[in-house]
Amino acid sequence: MKPPALKPGDLIGVIAPASPVPEERRERALQTLRRFGYRVKVGASVQEQHGYFSGTDEVRARDVNEMFADPEVRAIMCIRGGYGSQRLLDRIDYAMIRKNPKIFVGYSDITSLHLALWKKAGLITFHGPMVGELEHVSEEEEMAWAVLFRQLSDPQPLGEYPDTGRTLCFTITPGRATGRLVGGNLCLLAASMGTPYELDTTGKILFIEEVGEEPYRIDRMLTQLRLAGKLEQAAGILFADFHDCDAANPERSLTLREVLEEIIRPLGVPAYFGFQAGHTEPNLALPIGIQADLDAGEGTLMLLEGCVQAN
């Protein structure tokens, strides 16, 4: 299901399904979102804290359900990730969401919600920038927000993503693949295994991003996905940003590139590393469930259909 397109002046619901955001940072970010020309409804979770969560599981799940149920809210954006979204998955009313498809945006820990909304409600969602990052917007982030709002407001296909000029990129396995985009943060993809929300990669273009994990941990999680058949079943694999994923002791470690090549290349699946999404600037939005074309040899990604319905 594609959600209805976003228009200037529409009401955006802002929620915190995982970790809290300091009040000062929160208010500056919300003001920037309003300056973009949208009205804002702030969920209770944004203003609460329960240990390392932004409110209890009940508060955070209620925010998700109420924002989808509210007929005035046209889009739902997460303010930050952190940890906690996975605890909400069996508290969400997916039947209600199927009747009220809306734009849903976030990344990192929000991967858990993307997986669940795609699997249980068939909803197109957006792995992209979060509201808390609007506190300070760099030139690179301006590009990311422009790409996101283009996807949210224009029913026409985005086409090929813009060239960001990134140099830290390489082809793992050349080839071309077409399929629906699925994926997100590697830790959360691995954590979905064995649950009702488990990642399905069959015939899909799988994108993966991560932050702050040493190569051996990335090796472990990718090996888990490989043993579960998730890598081999994919039509193509797109590795996005792996920020701060170098070894603390390089002399006693494989490099990240060596890990990726040793695990991915034998599969023969077209694969590319270096797309700018996730914990990076710019964090280009990837719409989950949309048909895309990956050219792993050239390092290009093209969206083949629009992400939203015309109003």
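Quick note: structure is the one above.
Residues numbered from 1 in each chain as written. Predicted model: local features only at pLDDT ≥ 70, side-chain atom pairs only at ≥ 80, totals over all residues. Heavy atoms only, no water.

A. Molecular detail of the overall build of the protein chain. Across its full length, the protein chain holds eight helices and 14 strands. The C-alpha atoms of the protein chain give 18 Å as radius of gyration, which agrees with the globular expectation for 311 residues (19 Å, within 12%). Overall, the protein chain is about 50 × 45 × 40 Å in size when its C-alpha atoms are taken along their principal axes. For the protein chain, buried positions account for 57% of its 311 residues. For the protein chain, the share of sequence-separated contacts (at least 6 apart) that also reach a separation of at least 24 residues comes to 79%. Carbon and sulfur atoms form 47% of the exposed surface of the protein chain, whose accessible area is close to 12600 Å². (Helix = DSSP H or I, 4+ residues; strand = E, 2+ residues; numbered from the N terminus. Rg over C-alpha atoms; globule rule 2.2 N^0.38 Å. Buried < 20%, exposed > 50% of the residue type's maximum accessible area, 1.4 Å probe, protein only. Contact = heavy atoms within 4.5 Å. Areas by Shrake-Rupley, 256 points an atom, 1.4 Å probe, with all protein chains shown as cover.)

B. Main features of the packing of aromatic side chains. Summed over the entire model, instances satisfying the criterion amount to 13 aromatic pairs. On the basis of an interplanar angle of 25° and a centroid distance of 4.9 Å, the ring pair of Phe-170 and Phe-273 is categorised as stacked. Placement of Phe-170 in strand E7 (residues 170-173) and of Phe-273 in strand E11 (residues 271-273) is noted, with a sequence separation of 103 residues between them. For the pair Phe-170 and Phe-273, one class covers both residues: buried. (Phe/Tyr/Trp six-rings, centres within 6.5 Å; stacked < 30°, edge-to-face > 60°.)

C. Spotlight on the pairing of strand E13 (residues 291-295). Among the five residues of E13, four are classified as buried, and the element is accordingly described as predominantly covered. The pairing of strand E8 (residues 176-185) with E13 spans five bridges and is antiparallel. Along E13, the bridge assignment pairs Arg-180 with Gln-291. Alignment of E13 against strand E14 (residues 300-303), held across four bridges, turns out to be antiparallel. Residue Asp-293 lies in a different strand from E14, and its bridge partner there is Met-302. Connecting the antiparallel pair E13 and E14 is a turn made up of four residues, with Gly-299 showing a positive phi of about 75°. (Pairing = 2+ DSSP bridges.)

D. Region of interest: the pattern of salt bridges. For the structure on display, the rule yields 21 salt bridges. A salt bridge links Arg-176 to Asp-295, with the shortest nitrogen-to-oxygen separation between them at 4.0 Å. Linking Arg-176 in strand E8 with Asp-295 in strand E13, this pair joins segments that are 119 residues apart in sequence. (Salt bridge = Lys/Arg side-chain N within 4 Å of Asp/Glu carboxyl O.)

E. Quick peek at the side chain of Asp-109. Mapped onto the elements, Asp-109 comes out in the loop between strand E4 (103-106) and helix H4 (111-121). The charged side chain of Asp-109 is buried without a salt bridge, its nearest counter-charge being Arg-60 at 6.7 Å. Looking at Asp-109, its side chain comes within polar contact range of the main-chain nitrogen of Gly-84, at 3.2 Å. With residues near it in sequence (within four places) discarded, Asp-109 still touches Ala-18, Gly-81, Gly-82, Tyr-83, Gly-84, Ser-85 and Leu-188. (Lys, Arg positive; Asp, Glu negative; His and termini not counted. Polar contact = N/O pair within 3.5 Å; in protein donor to acceptor, adjacent residues only side chain to side chain.)

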